[in-house]
Amino acid sequence: MSALEAVFRPGSVAVYGASRHPAKLGHVLLRNVLTGGFEGRVVAVNPSREEVLGRRSVDRLGEPVDLALISVPARAVPAAVEDAARAGCRAAIVLSSGFGETGPEGKWVEERMRGLARAAGMRLVGPNCMGVVSRLPGGWFNGSYFWRLPGAAGPVSLVSQSGAFGGMFFAEARRRGLGVARFLSVGNSADVELTEVLEWLADDPATGVVGVFAEGFRDGRRFVAAAERCTARKPVVVLKAGKQAAGARAAASHTGSLAGSHGAARAAFRRAGVIEAVDSDHFFDLLSALAASTVPAGPSLAVLTISGGPGVLAADAAERLGLRLPPPSEATRARIRELAPPFAAGGNPVDLTPQCPPAGFPAAVRAVFEDPAYDGVVVIDCGLDVAELGRGVAEAAAATGKPVTAFVLEAPRVEEALRAAGIPLLPSPERAVAAYRARVAVAPRPDREAG
Amino acid sequence: MAALSEWESKLALGDVPRPRERLTATAAEAVAFARTLGGPVVAKASGPVHKTERGGVRTRLGPEGLASVWEELAALGDGRVLVAEQVEADYELIVGGVRDPQFGPVVSVGLGGVAAELLRDVTFLLAPPRPGELELALAELRCAPLLRGWRGAPPADRAELTRIVAAVSRLLEEDEEVVEVDCNPVMVRGGRPLVVDALVVRR
């Protein structure tokens, strides 16, 4: 079993710092492991050997488990790491803080712990992190401080240099019904760092889309190689924080002052074929769109709407993002004339208007989906809660297999039909288009080497 | 950090498209060279950094004008004067390179001239660029239509531009001490890019 296999799919776990006091983080951690749905063996480690959450604890591990979760005060961490290493654990996650983030002395302790672990054949995640969450056949393995998990299992995995961003991720996943496979917070990365996790996720069959939250890359070229290998199989979306950081660095040349810190990162992302999100909203939009499907989409788009203004906003966004909006074919226009009112717009946006008879929606929608001029469709519906419209979109999407994203406002029946069909719903017309654009971005590119 | 002179920088870059130019050791040599060019020339002091700000660049000179400023320019720098044919640019680009602390050597192409820092329309590539990558990067520039040939002008010669980018990339890869490279401006005339000034900064 590889170390990251032990982190994400452990058969047995030890919790250092398991405490009786509900306010203590070690208590939260043990409770999370026990209640999340983990089916393997769990050992509570506590120097006072008190009973915690109905189970006896031991003062030292003695026998190996796959993964040690360590949540004890900083000064006690090295001894816990040593105990886990001596017992023969494959990996340890140190959630405790008070190390490299506090200064050179803490950094030195990190180095020492890494040396100690590696000498015993154990890998170290953290310290100063939020832990791991992973979907296993029996349920969630929650080896983290988060007590609210994503609602659904699914293809999205996140590796994050920020623990707190994990909280945002889980909240967004719940709100959007986004299915999650893995989450790991790498903290100070004393040993295991982001790139190594990305390498593991590339091979993980449960992971279909990888999200990366990064503030910096320890070995940029190794990240590029790992990401490139990953994007050959599944999309990688990166949110890079600290874009401005080094922008002010002193430079003798114009190029130096123009580069800032982000010029190189963008070059790296382009080569690796990763999709860069501009902000956190965009990041979660991209993950939602790619979780629905990672089949590459073409750039030729129909904006299908019953809402004039918002449809035009979507068209503006499409143009801004380099998508094409060809008019429907003559055959499609003729079909729409038969089904929708005479003032329905036969351009693009294709506006069927709220006055379209409900019974006409499925066939009209189908005609647009089947029009060979279009690679995909963005659906915009503000407030028209007609079941036939929702059903029409769901059926046409399934029949044609064309990629779809949607913005639906206050039309619960339409929303329900689209959600059931696995169509990503976004919070604005522009974001629906940007999410569609993400599918275009996963299309093979000439600079991409076969993985 | 040590900045190489323009001439040293150009020699370090090697075989890149440049204006016809020569580093002259005497006024007589300069004038003779200028006559062979058969048009107005630029004379540049050799050696000092920020030569433009220090009055070390004179443009649109004929042979007599060149003779009259030669000694003054020579005294500003290392005693020599760089004489080059005057290039009238349709537009200016900047091609450069830096050593990024996380991603290593990267090269850049963008809009140059006075607008470079104002518009910051520059794209970066990991060095060395892969085949096809420059084209993708250039398409990201706001000035991409200019490079494709704006209003009937010829497109920027991609083979020549690729040579300049490759030279910058090679310099960063082969010499660990090189930290920054500027080809600025790269003047484009009739689609043909010429490295008019260059700066290499070593650690």
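Treat the numbers as computed from the prediction; the structure is a model and nothing was measured.

Chemist: Before we go on, may I ask you to explain the overall build of chain A in this structure?
Modeler: Counting its regular elements, chain A contains 16 helices and 17 strands. The principal-axis extents of the C-alpha atoms in chain A amount to approximately 80 × 60 × 35 Å. By the burial criterion, 55% of the 451 residues in chain A qualify as buried. The contacts in chain A between residues at least 6 apart in sequence include a share of 72% that link residues at least 24 apart.

Chemist: What is the right way to read the overall build of chain B from this model?
Modeler: Counting its regular elements, chain B contains seven helices and eleven strands. Considered along the principal axes of its C-alpha atoms, chain B spans approximately 50 × 45 × 30 Å. Summarising the internal contacts of chain B: among those between residues at least 6 apart in sequence, 62% fall at separations of at least 24.

Chemist: For this particular structure, what's the right way to read the interface of chain A and chain B?
Modeler: It is common to give the size of an interface as the accessible area lost on bringing the parts into contact. Chain A puts 23 residues into the contact, and the matching count from chain B is 31 residues. Among the secondary structure elements, those contributing two or more residues to the side of chain A that touches chain B are α7 (220-231), α8 (254-259) and α9 (262-272) of chain A. Classifying every residue of the side of chain A that touches chain B gives eleven nonpolar, seven polar and five charged.

Chemist: How should the confidence of the model for chain A be read in this particular structure?
Modeler: Detailed reading of the predicted coordinates is not advisable wherever pLDDT is low. Across chain A, pLDDT averages 91, with 94% of residues at or above 70. Note on residues 444-451 of chain A: pLDDT under 50 across the span, and 14 contacts to partners over four residues away in sequence or across chains.

Chemist: What is the right way to look at the domain arrangement of chain B in this model?
Modeler: Looking at the assigned domains, one finds that chain B contains domain 1 (20-85) and domain 2 (91-202). On a C-alpha basis, the centres of domain 1 of chain B and domain 2 of chain B stand 27 Å from each other.

Chemist: Explanation requested: unusual backbone geometry in the structure shown.
Modeler: Glycine aside, a negative phi is what most residues show, and trans is what most peptide bonds show. Residue and element names in this part refer to chain A. Of note, the amide linkage connecting Gly 126 to Pro 127 takes the cis form, showing an omega dihedral of -5°. Assignment of secondary structure puts Pro 127 in the loop between β6 (123-125) and β7 (131-136). The backbone phi angle of Leu 53 is positive, close to 50°, even though this residue is not glycine. Of note, Leu 53 is situated in the loop between β2 (41-45) and β3 (57-58). Not every positive phi belongs to a glycine, and Asn 128 is a case in point at roughly 60°.

Chemist: I'm lost on the environment of Arg 135 of chain A in this one. Help?
Modeler: All names here are of chain A. Along the chain, the position of Arg 135 falls in strand β7. Sequence separation between Arg 135 and Arg 9 is 126 residues; the distance between their C-alpha atoms is 8.4 Å. Once residues lying within four places of it in the same chain are set aside, the contact partners of Arg 135 are Trp 140, Ala 153, Val 180, Ala 181 and Ala 206.

Chemist: Which parts of the structure should I look at to understand the sheet that holds β7 of chain A?
Modeler: Two pairing modes exist for strands in a sheet, parallel and antiparallel, and in both the strands are linked by backbone hydrogen bonds. All names here are of chain A. Pairing is mixed across the open sheet formed by seven strands, whose spatial order is β8-β7-β10-β9-β11-β12-β13. Two strands lie at the open edges of the sheet, namely β8 (139-144) and β13 (275-277), each paired on one side alone. Direction aside, neighbouring strands of the sheet carry axes that sit 25° apart on average. Alignment of strand β9 (residues 152-160) against strand β11 (residues 209-214), held across five bridges, turns out to be parallel.

Chemist: Hey, could you run me through the packing of helix α6 (residues 194-203) of chain A against α7 of chain A in this one?
Modeler: How two helices sit against one another is set out by the angle between their axes and by the gap between those axes. Residues and elements named next belong to chain A. Between α6 and α7, whose axes approach to 9 Å, the crossing angle comes to 15°. Accordingly, the angle class assigned to the pair α6 and α7 is roughly parallel. α7 is crossed by α6, and the crossing has left-handed handedness. Here α6 contributes Thr 195, Leu 198, Glu 199, Leu 201 and Ala 202 to the contact with α7, which in turn contributes Arg 222, Phe 223, Ala 226, Ala 227, Arg 229 and Cys 230. The class makeup of the residues in the contact of α6 with α7 is seven nonpolar, one polar and three charged.

Chemist: Just checking my understanding: could you explain helix α2 (residues 27-37) of chain B for this structure?
Modeler: Along an α-helix, residues three or four positions apart point the same way, because every turn accommodates 3.6 residues. Residues and elements named next belong to chain B. Three or more residues of α2 are buried, namely Ala 30, Phe 33 and Ala 34. Projection of α2 onto a plane perpendicular to its axis shows the buried side chains occupying an angular sector of 105°, all on one side. Away from its buried face, by an angle of more than 90 degrees, α2 presents the exposed residues Ala 28, Arg 35 and Thr 36. In this structure, the buried residues of α2 make contact with β2 (21-24), β3 (41-45), α3 (63-76) and β5 (81-85). Immediately beyond the C-terminal end of α2, within one or two residues, lies Gly 38, with a positive phi of roughly 70°.

Chemist: Is there a simple way to explain α6 of chain A in this structure?
Modeler: Residue and element names in this part refer to chain A. The element α6 is extensively covered by neighbouring structure, given that seven of its ten residues are classed as buried. Listing the buried residues of α6 in full gives Leu 194, Thr 195, Val 197, Leu 198, Trp 200, Leu 201 and Ala 202. Of the surrounding secondary structure, the elements contacted by the buried residues of α6 are α1 (3-8), β9, β10 (179-185), β11 and α7.

Chemist: Explanation requested: the environment of Tyr 16 of chain A in the structure shown.
Modeler: Residue and element names in this part refer to chain A. Along the chain, Tyr 16 falls in strand β1 (residues 12-16). Given 31 C-beta atoms within a 10 Å radius, Tyr 16 is considered buried. In this structure, Tyr 16 is in contact with Val 45, Ala 68, Leu 69, Ile 70, Ser 71, Val 72 and Ala 80, ignoring residues within four places of it in sequence.

Chemist: Can you help me understand the pairing of strand β12 (residues 236-240) of chain A in this one?
Modeler: One face of the sheet, then the other: side chains in a regular strand alternate in exactly this way. Residue and element names in this part refer to chain A. Within β12, five of the five residues are buried, which leaves it mostly tucked inside the rest of the structure. Side-chain alternation along β12 places Val 236, Val 238 and Lys 240 on one buried face and Val 237 and Leu 239 on a second face that is also buried. The parallel pair β11 and β12 is bridged by α7, and the resulting crossover is right-handed. Pairing of β12 with β13 involves three bridges; the strand directions are parallel. Bridge pairing in β13 links Val 238 to Glu 276.

Chemist: What am I meant to see in the nonpolar core here?
Modeler: Grouped burial of nonpolar side chains is what soluble globular proteins tend to show. Counting 199 residues, the largest nonpolar core has Ile 70 and Ala 92 of chain A as the members making the most contacts within it. It is helix α10 (residues 280-292) of chain A that contributes the most residues to this core, eight residues altogether. If we skip the residues at most four places from it in the chain, Ala 92 of chain A touches Ala 68, Ile 70, Val 81, Ala 84, Ala 117, Met 122 and Leu 124 of chain A. In this structure, Val 42, Ala 43, Ala 45 and Leu 82 of chain B belong to the second largest nonpolar core, which totals 17 residues.

Chemist: Please clarify how the packing of helix α14 (residues 387-400) of chain A against helix α15 (residues 412-420) of chain A should be interpreted in this entry.
Modeler: Residues and elements named next belong to chain A. Where α14 meets α15, the axes come as close as 8 Å, and the angle between the chain directions of the two elements is 15°. Taken as axis vectors, α14 and α15 run roughly parallel relative to one another. For the element pair α14 and α15, the recorded crossing hand is right-handed. Residues Ala 387, Leu 389, Gly 390, Arg 391, Val 393 and Ala 394 of α14 pack against Arg 413, Val 414, Glu 416, Ala 417, Leu 418 and Ala 420 of α15. Partitioning the contact of α14 with α15 into residue classes produces eight nonpolar, one polar and three charged.

Chemist: Would you explain the pairing of strand β6 (residues 91-100) of chain B in this entry?
Modeler: Most of β6 of chain B is tucked away, with eight of its ten residues classed as buried. Here β6 of chain B hands over to strand β7 (residues 104-111) of chain B after three residues, the two strands then running antiparallel side by side.

Chemist: What's the story with the sheet that holds β2 of chain A in this structure? I'm lost.
Modeler: Residue and element names in this part refer to chain A. Taking strand neighbours across the sheet as the criterion, the six strands line up as β3-β2-β1-β4-β5-β6 in an open arrangement whose pairing is parallel. With one partner strand each, in any of the chains shown, β3 and β6 form the two edges of the open sheet. In terms of strand pairing, strand β5 (residues 91-94) meets β6 through three bridges, oriented parallel. Within β6, the position partnered with Ile 93 by the bridge is Val 125. Across the sheet, helix α2 (residues 25-36) is in contact with β1, β2 and β4 (67-70); its angle to β1 comes to roughly 165°.

Quick notes on the rules
- Residues numbered from 1 in each chain as written.
- Chains lettered and ligands numbered in written order.
- Predicted model: local features only at pLDDT ≥ 70, side-chain atom pairs only at ≥ 80, totals over all residues.
- Helix = DSSP H or I, 4+ residues; strand = E, 2+ residues; numbered from the N terminus.
- Buried ≥ 20, exposed ≤ 12 C-beta atoms within 10 Å, placed from the backbone.
- Contact = placed C-beta atoms within 7 Å.
- Nonpolar A, V, L, I, M, F, W, Y, C, P; charged D, E, K, R; others polar.
- pLDDT = per-residue confidence, 0-100.
- Domains from an automatic or database assignment.
- Pairing = 2+ DSSP bridges.
- Axes fitted to C-alpha atoms, helices over the stretch in contact; angles between N-to-C directions.
- Parallel < 35°, antiparallel > 145°, perpendicular 65-115°, else oblique.
- Left-handed = near helix turned anticlockwise from the far one by under 90°.
- Arc of directions from axis to C-beta.
- Right-handed = clockwise from strand over helix to strand, strands pointing away.
- Core = buried A, V, L, I, M, F, W, Y, C linked by C-beta atoms within 7 Å.

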